[in-house]
Amino acid sequence: MDSRGSSFAAHFFGLLAIILLLVWLLHFRGGIDLDSENTYKVFNVHPFLMFFGFIFLAGEAMMAYKTVSAQRNVRKFIHGLMHLISMVMGIIGIYAVFKFHDQNDIPDMYSLHSWLGMGTFCLFGLQWLVGLLSFGFPRASTTTRTRLLPWHVFGGRTLLYMAIITAETGLMEKATFMQLRHGNESRLMNFTGLFILLFGISVDLSLAFRVF
């Protein structure tokens, strides 16, 4: 499989994960609404935006150099812009879960999922800022950029897997709270988690073929 094939696989698994996530949230969990009086609809904003808005868009941004047919500067701009959009959506997703906790008197930041998630998000923001200053504006020297580039790519790939681990632990945490047993909803959540993992692996494989 080459870069194009792995990029196609990433799009495929990512879209499957989004579809299953929407089926779960809309059919089994009642819907998605940040301003709803139903606090569980408020919570549902969190998993949707943290995958579609954060993980999926960040993965697509990482592949932008291969999937976008344009000059390098244009691809670089799209790469940075998509990461910025994913970060904004991630902020809204994090706000949703804090709002849900506040509405239900649930403590914040008590689980491994929340620790991994907040750590990943903060490092993601730092990665984006360093990338902007080094490769965008005001832009570092050629020597500095050459030295930073492998670390920038390594950081992006590491953060992608950290985000995926966070998503998987989040699904397990939610299934535990709902005390799910064998059934359609449980299987749906399992397949969602599987496709999220396959999305990340495919994105990483696409980057492995990238030639600097």
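Residues numbered from 1 in each chain as written. Predicted model: local features only at pLDDT ≥ 70, side-chain atom pairs only at ≥ 80, totals over all residues. Heavy atoms only, no water.

**Comments concerning the overall build of the chain**
Of regular secondary structure, the chain possesses seven helices and zero strands. Against the globule reference of 17 Å for 212 residues, the chain gives a C-alpha radius of gyration of 18 Å, in line with a compact fold. Along the longest, intermediate and shortest principal axes, the C-alpha atoms of the chain span 55 × 35 × 25 Å. Within the chain, contacts between residues separated by at least 24 positions form 73% of all contacts whose residues are at least 6 apart in sequence. Looking at the chain as shown, the accessible area adds up to about 11,700 Å², and 67% of this sits on carbon and sulfur atoms. Averaging the coordinates of the 16 positive side-chain charges in the chain and doing the same for the 12 negative ones gives two points 16 Å apart. (Helix = DSSP H or I, 4+ residues; strand = E, 2+ residues; numbered from the N terminus. Rg over C-alpha atoms; globule rule 2.2 N^0.38 Å. Contact = heavy atoms within 4.5 Å. Areas by Shrake-Rupley, 256 points an atom, 1.4 Å probe, with all protein chains shown as cover. Lys, Arg positive; Asp, Glu negative; His and termini not counted. Charge placed at Lys NZ, Arg CZ, Asp CG, Glu CD.)

**Here's the deal with helix α2 (residues 39–62)**
Look at α2: 34 Å from first C-alpha to last across 24 residues, which is about the 34 Å you get at 1.5 Å a residue. Maximum bend of α2: about 35 degrees, positioned at Leu49. Of all 24 residues making up α2, 21 are buried, and the element is well covered by its neighbours. The opening residue of α2, the one whose side-chain oxygen lies 3.0 Å from the backbone nitrogen of Tyr40, is Asn38. (Expected span 1.5 Å × (residues − 1). Bend = angle between axes of the 7 residues up to and from the residue. Buried < 20%, exposed > 50% of the residue type's maximum accessible area, 1.4 Å probe, protein only. Polar contact = N/O pair within 3.5 Å; in protein donor to acceptor, adjacent residues only side chain to side chain.)

**Topic: the pattern of salt bridges**
Working definition: two side chains of opposite charge can pair if their charged atoms are close together. According to the stated counting rule, one finds three salt bridges in the structure shown. Between Arg29 and Glu185 there is a salt bridge; the shortest N-O distance is 2.9 Å. Here Arg29, found in the loop between α1 (3–28) and α2, pairs with Glu185, found in helix α7 (residues 184–208); they are 156 residues apart in sequence, far enough to count as distant. Relative accessible area serves as the criterion here: at 28%, Arg29 is assigned to the partly exposed category. (Salt bridge = Lys/Arg side-chain N within 4 Å of Asp/Glu carboxyl O.)

**A few points about the packing of aromatic side chains**
Applying the stated criterion across every chain, the model contains 13 aromatic pairs. Counting every residue linked through ring pairs, the aromatic cluster contains Phe48, Phe51, Phe52, Phe56 and Phe199. One residue, Lys174, lies across the ring of Phe43, its end atom 4.1 Å from the ring centre. (Phe/Tyr/Trp six-rings, centres within 6.5 Å; stacked < 30°, edge-to-face > 60°. Lys NZ or Arg CZ within 6 Å of the ring centre and 35° of its normal.)

**Examining the packing of helix α6 (residues 142–177) against α7**
Packed helix pairs are characterised by how far apart their axes lie and by the angle those axes make with each other. Packing of α6 against α7 leaves a shortest axis separation of 10 Å and a crossing angle of 175 degrees. Classified by the interaxial angle, the pair formed by α6 and α7 is roughly antiparallel. Where α6 abuts α7, its residues Arg157, Leu160, Tyr161, Ile164, Ala167, Glu168, Leu171, Lys174 and Ala175 lie against Met189, Thr192, Gly193, Ile196, Leu197, Gly200, Ile201, Val203, Asp204, Leu207 and Ala208. Looking at the contact of α6 with α7 residue by residue, the class counts come to 13 nonpolar, three polar and four charged. (Axes fitted to C-alpha atoms, helices over the stretch in contact; angles between N-to-C directions. Parallel < 35°, antiparallel > 145°, perpendicular 65-115°, else oblique. Nonpolar A, V, L, I, M, F, W, Y, C, P; charged D, E, K, R; others polar.)

**Section: the UniProt feature "domain: Cytochrome b561" (unreviewed entry) in the chain**
Taking the numbering used here, the UniProt-annotated feature "domain: Cytochrome b561" (unreviewed entry) corresponds to residues 9–208. The span residues 9–208 is 83% helix and 0% strand, and its two end C-alpha atoms sit 14 Å from each other. (UniProt positions renumbered as here; feature names shortened; annotations may be inferred.)

**A short note on the UniProt feature "transmembrane region" (unreviewed entry) in the chain**
UniProt's entry tags residues 7–28, 48–65, 77–98, 118–137, 149–167 and 187–209 with the feature "transmembrane region" (unreviewed entry), counted in the numbering of this structure. With 94% helix and 0% strand, residues 48–65 has end C-alpha atoms that lie 26 Å from one another. End C-alpha atoms of residues 149–167 are separated by 27 Å, and the span's content is 100% helix alongside 0% strand.

**Quick look at the nonpolar core**
A general trend in soluble globular proteins is that nonpolar side chains are found buried together. Trp24, Phe51, Phe54, Ile55, Ile196, Phe199 and Val203 are the most contacted members of the largest nonpolar core, which totals 43 residues. Residue assignment for this core shows that the elements contributing at least two residues are α1, α2, α4 (72–103), α5 (112–136), α6 and α7. Looking at this core, the element that brings in the most residues is α2, giving 12 residues. Those residues in contact with Phe51 that sit more than four places away from it in its chain are Gly14, Ala17, Ile18, Leu21, Phe56, Ile196 and Phe199. (Core = buried A, V, L, I, M, F, W, Y, C linked by side-chain atoms within 4.5 Å.)

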